[in-house]
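Residues per chain are reported as follows:
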Amino acid sequence: MLLLIGVVAVIMVSVLIGVNLGLSRIVRGGGGFFIAWQGGRDVLLGIAGKLASFINSLFLNFGQRSATSTAAPQEQANPYSISVAAQTQQMVYGRAARPGENPYFLTIPFFLIPFYFPFALISDPVIARGLWMVLCEAALVAVAGLSLRMIEWRPPRFLLVLFILLSLFTFYSVDSLLEGSPVILLTLLFVGVLYAYSTEHDELAGALLVFSLFYWEVSFPFVLLMFLKIFADKRPRVLNGFGMLWVVLLIASFLIYPGWLLSFFTAVVGAFRADFGITSGAVFARLSPSNGNWIAPAVSVFVIIVLLYEWLAVRTSDVRRFIWTACLTLAAAPLIGFRTDMNNLIAMFPALALILAATVNRWRAGNWLALLLLLIALLLPWGFFVRWFLLGDQRAWDYLFLFFPVFTILGLYWTRWWFIRPPRTWLDHVRANPG
């Protein structure tokens, strides 16, 4: 029996890898992965060059002690250079990036680039991207499972299967997979941090928080909230876990590339000044040309005020409200007004677990209502995408961007009272724990 299970598992994994390698070869894109892959390869080649020079100098000194070495010093590989971005643009567009397109400047801190080294060892970008997609698909399933475990909810089997399928096939998941976005793994890190913190595995929570820094454009509000809660709860072990790993990684990074900090900030400024991506202000301006100029800042101010209120309230709240507030923060971030990408929206997926749990456990027809919400979350975005793709309707693309944060925020506030308070009645307790 075990042998049969093993054979089936090997066949399934092989088919999965084959399908993803085929998608990697056929579907263009993948810039979110290629920029880090190319940067990682440059770093590895630079390290290999330095080691070769060092070994060569040892042999020269051993064989000719009196001779002076005339070998030219190895140039430091810079993963933040324009050449790395240009190579990525060629892989993605087949040409240099045009105005409005992503120039693919690497904005990952140098001390986290080694995360990509296993993929950078693969010389074929198609194979590397395909394997990265397999890893991200596994991460999406893990996000779904860990989100449910984090809130201690065991859904009916059919809802569990549908929730996992939604994690893989919602538009935002597919878009992130094809782009090679690291936000999928970042979302898993967010859930991992919250789960470790809620179960009092403080050092682990701190260590995972370090890795959450590798995509600051998405993680900054979440990390800020985490530190606010850590200091409010006076849990220094989280800071110990964060500080120890961070310091070790920083020391190693400066030993490999002492001047990386300036290059990193230069790349960040270049990416910030580049004209690409989506902002809520531009979306509102297109949807309402006459009123968009005041709607966008009004929405931004309102969202910031709401977040500040929830952040202040969470300092003295229990872990349930903290998890809810963290999910709200991830959902509200795209509406603040900062530039983002469509594939970054997958970061708010864990909030759906909270919404579904509250829906099933609070209402008598909760299972059917949860099924309806799952179908809306799956089908409506794909409908917007098809309309945009076939008809070139810009409004459909704008609705596609607004749908997930608005749907998630409304769902979180719709179920807020139930989720941030434990069940009060015997019937509530039975509904929340059907087993």
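Quick look at the structure, then.

Cut-off values and rules
Residues numbered from 1 in each chain as written. Predicted model: local features only at pLDDT ≥ 70, side-chain atom pairs only at ≥ 80, totals over all residues. Heavy atoms only, no water. Helix = DSSP H or I, 4+ residues; strand = E, 2+ residues; numbered from the N terminus. Rg over C-alpha atoms; globule rule 2.2 N^0.38 Å. Buried < 20%, exposed > 50% of the residue type's maximum accessible area, 1.4 Å probe, protein only. Areas by Shrake-Rupley, 256 points an atom, 1.4 Å probe, with all protein chains shown as cover. Lys, Arg positive; Asp, Glu negative; His and termini not counted. Charge placed at Lys NZ, Arg CZ, Asp CG, Glu CD. Patch = residues over 30% accessible without salt bridge, like charges linked within 9 Å, V, L, I, M, F, W, Y side chains within 5 Å. Salt bridge = Lys/Arg side-chain N within 4 Å of Asp/Glu carboxyl O. Expected span 1.5 Å × (residues − 1). Contact = heavy atoms within 4.5 Å. Axes fitted to C-alpha atoms, helices over the stretch in contact; angles between N-to-C directions. Left-handed = near helix turned anticlockwise from the far one by under 90°. Nonpolar A, V, L, I, M, F, W, Y, C, P; charged D, E, K, R; others polar. 1 Å grid on protein atoms, 1.4 Å probe; cavity = no way out; pocket = protein on both sides within 12 Å on 5 of 7 lines; lining within 4 Å. Points joined across faces, edges and corners; volume = space filled by probe spheres on them. Phe/Tyr/Trp six-rings, centres within 6.5 Å; stacked < 30°, edge-to-face > 60°. Lys NZ or Arg CZ within 6 Å of the ring centre and 35° of its normal. Polar contact = N/O pair within 3.5 Å; in protein donor to acceptor, adjacent residues only side chain to side chain.

**With respect to the overall build of the protein**
In step 1: Scanning the protein from terminus to terminus reveals 20 helices and zero strands.
In step 2: Compactness check: the protein gives a C-alpha radius of gyration of 24 Å against a globular reference of 22 Å for 435 residues, within 12% of the reference.
In step 3: Here the C-alpha coordinates of the protein stretch approximately 90 × 50 × 50 Å along the principal axes.
In step 4: Here the protein, with 435 residues, has 47% of them falling under the buried criterion.
In step 5: Of the roughly 21800 Å² of accessible surface on the protein, 71% is carried by carbon and sulfur atoms.
In step 6: Distance between charge centres in the protein, computed from 29 positive and 20 negative side chains, equals 5 Å.

**Description of a nonpolar patch on the surface**
In step 1: Residues Leu-3, Val-7, Ile-11, Val-15, Val-19 and Leu-23 make up a contiguous nonpolar surface patch of about 530 Å² in total accessible area.
In step 2: Looking at the secondary structure, you find Val-19 in helix 1 (residues 2-26).

**Let's talk about helix 17 (residues 366-391)**
In step 1: Along its 26 residues, helix 17 runs 37 Å from first to last C-alpha, staying within 8% of the 38 Å computed at 1.5 Å per residue.
In step 2: Within helix 17, burial applies to Gly-366, Ala-370, Leu-371, Leu-373, Leu-374, Ala-377 and Pro-381.
In step 3: Turning to helix 17, the residues buried within the fold contact helix 6 (157-169), helix 7 (171-179), helix 16 (350-362) and helix 18 (394-414).
In step 4: Residue Gly-392 follows helix 17 closely and has a positive phi angle near 65 degrees.

**Here we look at the pattern of salt bridges**
In step 1: What the rule picks out here adds up to eight salt bridges.
In step 2: Among the ionic pairs, Asp-202 bridges to Arg-237, the shortest N-O distance being 3.5 Å. With Asp-202 in helix 9 (residues 202-211) and Arg-237 in helix 11 (residues 236-256), this pair connects stretches of sequence that are 35 residues apart.
In step 3: Ionic pairing is found between Arg-321 and Glu-310, a salt bridge with its closest N-O pair at 3.2 Å. You can see Arg-321 sitting in helix 15 (residues 319-332) and its partner Glu-310 sitting in helix 14 (residues 292-314), a full eleven residues away along the chain. The same class applies to Arg-321 as to Glu-310, namely buried.

**Considering the packing of helix 13 (residues 280-287) against helix 14**
When two helices pack together, their arrangement is given by the angle between their axes and by how far apart the axes lie.
In step 1: Running from N to C, helix 13 and helix 14 cross one another at 145 degrees; their axes reach a closest spacing of 8 Å. Of the two elements, helix 13 crosses helix 14, and the hand of that crossing is right-handed. Every residue of helix 14 that contacts helix 13 at Ser-280, Gly-281, Phe-284 and Ala-285 is listed here: Gly-292, Ile-295, Ala-296, Val-299 and Ser-300.
In step 2: Partitioning the contact of helix 13 with helix 14 into residue classes produces five nonpolar, four polar and no charged.

**Quick notes on empty space enclosed by the protein**
In step 1: Per the stated rule, a full pass over the model turns up two cavities of 30 Å³ or more.
In step 2: Quantified by volume, the largest cavity comes out at close to 40 Å³.
In step 3: Broken down by secondary-structure element, the contributors of at least two residues to the lining of the largest cavity are helix 16 and helix 17.

**Side note on helix 5 (residues 125-150)**
Note on helix geometry: an α-helix contains 3.6 residues per turn, so any two residues three or four positions apart are oriented the same way.
In step 1: A rise of 1.5 Å per residue sets the reference length of helix 5, with its 26 residues, at 38 Å; its end C-alpha atoms lie 36 Å apart and thus fit the reference within 8%.
In step 2: A positive phi of about 60 degrees marks Glu-152, the residue just after helix 5.

**Side note on the packing of aromatic side chains**
In step 1: The tally for this structure, following the rule as stated, stands at 36 aromatic pairs.
In step 2: On the numbers, 6.0 Å between centres and 40 degrees between planes, the contact of Tyr-93 with Tyr-104 is tilted. Of this pair, Tyr-93 sits in helix 3 (residues 82-93) while Tyr-104 sits in the loop between helix 3 and helix 4 (117-120), and the two are eleven residues apart along the sequence.
In step 3: The interplanar angle of 35 degrees and the centroid separation of 5.5 Å between the aromatic rings of Phe-254 and Trp-260 together place this pair among those described as tilted.
In step 4: Residue classification places Trp-260 among the buried positions, given a relative accessible area of 2%.
In step 5: What links up through ring pairs into an aromatic cluster is the set Phe-33, Phe-34, Trp-37, Phe-115, Tyr-116, Phe-119, Trp-132 and Phe-214.
In step 6: In this structure, Arg-235 packs its charged tip against the face of Tyr-197, placed 3.7 Å from the ring centre.
In step 7: Positioned above the aromatic ring of Trp-324, the side-chain terminus of Arg-416 is 5.3 Å from the ring centre.

**A word on the side chain of Thr-88**
In step 1: Considering the arrangement of structural elements, one finds Thr-88 in helix 3.
In step 2: Thr-88 sits in the buried class, given a relative accessible area of 0%.
In step 3: Once residues lying within four places of it in the same chain are set aside, the contact partners of Thr-88 are Gly-31, Phe-34, Ile-35, Gln-38 and Tyr-104.

**Examining the side chain of Ser-176**
In step 1: Among the structural elements, Ser-176 can be located in helix 7.
In step 2: A distance of 3.0 Å separates a polar side-chain atom of Ser-176 from the backbone oxygen of Tyr-172.

**Side note on the environment of Val-218**
In step 1: The residue Val-218 is located in helix 10 (residues 216-233) in this model.
In step 2: Since its relative accessible area comes to 11%, Val-218 is described here as buried.
In step 3: Placed 59 residues apart in sequence, Val-218 and Leu-159 show a C-alpha to C-alpha distance of 29 Å.

**Some remarks on the layout of surface pockets**
If a probe as big as a water molecule is rolled over the atoms, it shows which places are left empty.
In step 1: In this structure, the second largest pocket encloses a volume near 440 Å³.
In step 2: As for the second largest pocket, its lining consists of 17 residues, of which Pro-109, Leu-213, Trp-216, Phe-220 and Trp-246 are closest to the centre.
In step 3: Among the secondary structure elements, those contributing two or more residues to the lining of the second largest pocket are helix 10, helix 11 and helix 12 (260-273).
In step 4: Looking at which element gives the most residues to the lining of the second largest pocket, the answer is helix 10, with six residues.
In step 5: Its residues assigned to classes, the lining of the second largest pocket comprises 16 nonpolar, one polar and no charged.

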